[in-house]
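# Remarks on the overall topology
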Amino acid sequence: MIEGEEDQLQSGPDEYSDSEQDTDDELKEAFAAGLLKPGLNIVGEVPAKPKVKINVAALNQKLDDIKKDLPWVERLDMINAPAAIAPELAYKEEVHSQERQKDLRINKAKTGIEDDLVHNDFKREMLFYRQAQSAVLEGIQRLKSMNIPTKRPDDYFAQMVKSDDHMQKIREKLLSKQQTQEKIEKVKKLRELKKYGKKVQVEVQQNRLKEKKQLMENVKKFRKGKTDSLDFLEGGAPSKDGDKRINAKRKMKNDKYGFGGKKRGMKKNTKESASDVSEYRFNRNPNLKKKVGKGNQRPGKERRKKMSNKNKKRK
């Protein structure tokens, strides 16, 4: 396989030279037979373009053929100057000019603002707008002078171009698009709420881990003897405002045993308590005597038995 390729490579240049020689021989034979004539192939000469002549008479004749003498209401053609530029439009043009000058300075362009194509296009569009504005203002006044209405009356009803069935299809299509958009918005809100719920859940878990870590640190400090307080087991650490959580067990003991301190002699009278007679209530009716004794009290069990035995003997 390699030997065949080498033979082709070695015989390649000779074949090319043979083909070129055959081409030259064919050209010589064609020239000798008179098939090749001078002037068929011209190098470096371009045929001259014919001069275009403007036939004014023919153009005027064609214009007369297509021209129609219609009233101005049918033509509505006007020739007028551009309207005066409004202050807000002049301000926009000035702002655009300043922005373009800044861009040209940044880009280091060699052209000035007068030759800038972008700004010239903006000015051209503004000129079109002013021209149309002037034509509209003048045309409306001219139509009003001819008593031609320019506004549609309020009670004018025109026939619809499209049928009711077609409009119903369009209405259904728009309604389906609106419902689809509402579903998409609802799904987006649900996703946002889900993300917010996950965020809150993560914050709660982080706070729990933080509290657990703080509790373990307090327990380690208590074991090492760095602190003697066990308040972190009861109500947790005090808040920033200094409020502490109320432990029901601690409150009950405080109400029962007090908060420590002196206990003996707490019920003794002092000079102030002896002089205080605000709680004394005297009997205003001296004739009314207080009953002494237990009053109408039920007799005991033994006495009730004796009384029942006596009643039985009497019977």
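Residues numbered from 1 in each chain as written. Predicted model: local features only at pLDDT ≥ 70, side-chain atom pairs only at ≥ 80, totals over all residues. Heavy atoms only, no water.

Along the protein chain, the regular secondary structure elements total ten helices and zero strands. Listing each helix as α and each strand as β along the protein chain from the N terminus yields α-α-α-α-α-α-α-α-α-α. Looking at the protein chain as a whole, 7% of its 315 residues are labelled buried. Counted over contacts in the protein chain with a minimum sequence separation of 6, partners at least 24 positions apart contribute 44%. (Helix = DSSP H or I, 4+ residues; strand = E, 2+ residues; numbered from the N terminus. Buried < 20%, exposed > 50% of the residue type's maximum accessible area, 1.4 Å probe, protein only. Contact = heavy atoms within 4.5 Å.)

The next thing to look at is a nonpolar patch on the surface. Where nonpolar side chains cluster on the molecular surface, the patch consists of Leu-215, Phe-222, Leu-230 and Leu-233 and spans about 330 Å² of accessible area. Checked against the element boundaries, Leu-215 lands in helix H6 (residues 164-224). For Leu-215, a relative accessible area of 34% puts it in the partly exposed group. (Patch = residues over 30% accessible without salt bridge, like charges linked within 9 Å, V, L, I, M, F, W, Y side chains within 5 Å. Areas by Shrake-Rupley, 256 points an atom, 1.4 Å probe, with all protein chains shown as cover. Salt bridge = Lys/Arg side-chain N within 4 Å of Asp/Glu carboxyl O.)

Turning to the packing of aromatic side chains, a few remarks are in order. Given two aromatic rings, one states the distance between the centres and the angle between the planes to describe the pair. What the rule picks out here adds up to zero aromatic pairs. When the ring centre of Trp-72 is taken as origin, the NZ or CZ atom of Arg-142, which lies over that ring, is 4.1 Å away. (Phe/Tyr/Trp six-rings, centres within 6.5 Å; stacked < 30°, edge-to-face > 60°. Lys NZ or Arg CZ within 6 Å of the ring centre and 35° of its normal.)

Turning to unusual backbone geometry, a few remarks are in order. At Leu-76, a position not held by glycine, the phi torsion is positive, near 55 degrees. Inspection of the secondary structure puts Leu-76 in the loop between helix H3 (72-75) and helix H4 (87-107). Not every positive phi belongs to a glycine, and Asn-147 is a case in point at roughly 60 degrees. Note that Asn-147 resides in the loop between helix H5 (117-145) and H6. Note on Asn-147: relative accessible area 70%, which makes it exposed.

With that out of the way, let us pick up the confidence of the model for the protein chain. Residues of the protein chain with pLDDT of at least 70 account for 74%, and the chain-wide mean is 77. Of the regions scoring below 50 in pLDDT, residues 1-13 engages in zero contacts with residues more than four places distant in sequence or in other chains. Below pLDDT 50 for its whole length, residues 236-243 participates in three contacts with residues either more than four positions away or in separate chains. (pLDDT = per-residue confidence, 0-100.)

Here the focus is the pattern of salt bridges. Evaluated as defined, the whole model comprises two salt bridges. Note that Arg-75 is salt-bridged to Asp-77, the shortest N-O span being 2.7 Å. Using a relative accessible area of 41% as the deciding quantity, one classes Asp-77 as partly exposed. The salt bridge partner of Asp-121 is Arg-124, with a shortest N-O separation of 2.5 Å. Residue Asp-121 and its partner Arg-124 are both found in helix H5; the two are separated by three residues, about one turn of the helix. Take Asp-121: its relative accessible area is 39%, and that puts it in the partly exposed class. Under the relative-accessibility criterion, Arg-124 is labelled partly exposed at 40%.

Turning to helix H10 (residues 301-314), a few remarks are in order. Relative to the 20 Å expected for 14 residues at 1.5 Å per residue, H10 spans 20 Å between its end C-alpha atoms, a close match to the ideal helical length. Of all 14 residues in H10, zero are buried, a share of ten percent or less. (Expected span 1.5 Å × (residues − 1).)

Here the focus is the side chain of Asn-80. Position of Asn-80 relative to the elements: it lies in the loop between H3 and H4. Side chain to side chain, Asn-80 and Glu-138 meet in a polar contact 3.4 Å long. Those residues in contact with Asn-80, other than ones at most four positions away along the chain, are Gln-131, Ser-134, Ala-135 and Glu-138. (Polar contact = N/O pair within 3.5 Å; in protein donor to acceptor, adjacent residues only side chain to side chain.)

Once that is clear, we can look at a positive patch on the surface. Together, Lys-188, Arg-191, Lys-194, Lys-195 and Lys-198 line one region of the surface with positive charge. Structurally, Lys-195 can be placed in helix H6. By relative accessible area, which is 65% here, Lys-195 ends up exposed. (Lys, Arg positive; Asp, Glu negative; His and termini not counted. Charge placed at Lys NZ, Arg CZ, Asp CG, Glu CD.)

Bringing the side chain of Ser-134 into the picture now. Within the secondary structure, Ser-134 is located in helix H5. Relative accessible area serves as the criterion here: at 13%, Ser-134 is assigned to the buried category. Those residues in contact with Ser-134 that lie beyond four places of it in its chain are Asn-80, Ala-81, Pro-82 and Ala-83.

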